[in-house]
Amino acid sequence: MSSLSTSKWTKYKLLRKSSELKMYLPETAWLKESSFSRMLKKYREIIVKPTGSYGGNGVIRIRQTDLATYEVQDGAKKKSFTDKSKLVAFVKKKAKKNHIVQQRIPLATVNGRPFDMRVMVQRRPGSPWQVTGKLAKVAGAGFIVTNIRMSSGKVVTVEHALKKSELSSINANDLLAQLDKVALRSAAQLGPSYRWVDTMGIDMAFDKKGNVWIIEVNFTPMLELFLKLKDKSMFRKIKSFHRSSNSHSGIKSRYHK
């Protein structure tokens, strides 16, 4: 039996099967001209991204600014279209195959820059999932993606980001508890389909009203992001889980070749 695809699209469909998680997922569809037009009309702001890549590469934002003007942001570059067919042709050229289109979440911001969060959820063999670390990624000036390498953004603690954002009046402990709950629920939903996975980096976000969203789930997240925090204890905890599960899988692979 071939193993299940780890693409964003496959993971999204698995997460959507949970009635509890559905409300935390931005509407997402396979990119076709029909889904593109429908989502743009419905949300007026959408994201197009490759379903297989990581690191913020190839993410395009399209926003309808008024009845017949469309603003496209690709990296830090912006373009405007007044002709929808030209917009569609541009997107088709940029997104040749295997892309998804997603409702754009109005992310909470720090000093006007959007941020999202990386929540690490890990398990040791035979033990339940745990949240082992979380951080906030603040987009670099002029970027919509929070990927640190691509947008020269910065890494801060989630607590710091919340304090400096428009959510500072909401109880931070409540927001963090909600974040953990949804992250653990996501891991529990995906775990049975990907039994070999024991580390998930879940990209999550708060919108400007403090609602939690699941952006995407990575199975090979960059742990080094946590080294950018002053306090290295989260990084050490994540690494200790990583090591124990890797040594376990090493034993497994020796006996199950």
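Read on for a plain summary of the structure. (Residues numbered from 1 in each chain as written. Predicted model: local features only at pLDDT ≥ 70, side-chain atom pairs only at ≥ 80, totals over all residues. Heavy atoms only, no water.)

**What about the overall build of the chain?**
Next, step 1: Along the chain, the regular secondary structure elements total 7 helices and 12 strands.
Next, step 2: In the chain, which comprises 257 residues, the share counted as buried stands at 51%.
Next, step 3: Once local pairs closer than 6 in sequence are excluded, the contacts in the chain between residues at least 24 apart make up 59%.
Next, step 4: As displayed, the chain has an accessible area near 13,300 Å², and 52% of this comes from carbon and sulfur atoms. (Helix = DSSP H or I, 4+ residues; strand = E, 2+ residues; numbered from the N terminus. Buried < 20%, exposed > 50% of the residue type's maximum accessible area, 1.4 Å probe, protein only. Contact = heavy atoms within 4.5 Å. Areas by Shrake-Rupley, 256 points an atom, 1.4 Å probe, with all protein chains shown as cover.)

**Focus on the packing of helix H2 (residues 33-43) against helix H3 (residues 84-94)**
Next, step 1: Running from N to C, H2 and H3 cross one another at 125 degrees; their axes reach a closest spacing of 11 Å. Of the possible angle classes, the one that applies to H2 and H3 is oblique. Handedness of the crossing formed by H2 with H3: right-handed. Counted together, Glu33, Phe36, Ser37 and Leu40 of H2 and Lys84, Leu87, Val88, Val91 and Lys92 of H3 form the full contact between these two elements.
Next, step 2: Its residues placed into classes, the contact of H2 with H3 shows 5 nonpolar, 1 polar and 3 charged. (Axes fitted to C-alpha atoms, helices over the stretch in contact; angles between N-to-C directions. Parallel < 35°, antiparallel > 145°, perpendicular 65-115°, else oblique. Left-handed = near helix turned anticlockwise from the far one by under 90°. Nonpolar A, V, L, I, M, F, W, Y, C, P; charged D, E, K, R; others polar.)

**What to know about the pattern of salt bridges**
Next, step 1: Following the criterion strictly, the structure yields 16 salt bridges and no others.
Next, step 2: In this structure, Lys208 engages Glu166 in a salt bridge whose closest nitrogen and oxygen atoms are separated by 3.5 Å. A residue pair is termed long-range when its members are at least 10 positions apart, and Lys208 in the loop between strand E11 (199-206) and strand E12 (212-218) and Glu166 in the loop between helix H5 (158-163) and helix H6 (172-190) qualify at 42 residues.
Next, step 3: Each of Glu45, Arg61, Arg63, Glu71 and Arg104 takes part in one network of salt bridges that share partners. (Salt bridge = Lys/Arg side-chain N within 4 Å of Asp/Glu carboxyl O.)

**What about the nonpolar core?**
Next, step 1: Formed by 40 residues in total, the largest nonpolar core has its most connected members in Phe115, Met200, Phe206 and Ile214.
Next, step 2: Secondary-structure elements contributing two or more residues to this core are helix H1 (8-16), strand E8 (113-122), strand E9 (130-138), H5, H6, E11 and E12.
Next, step 3: Broken down by element, the residue count for this core peaks at 7 residues, all from H6.
Next, step 4: Ranked by size, the runner-up nonpolar core spans 18 residues in total, among them Phe36, Met39, Tyr70 and Val72. (Core = buried A, V, L, I, M, F, W, Y, C linked by side-chain atoms within 4.5 Å.)

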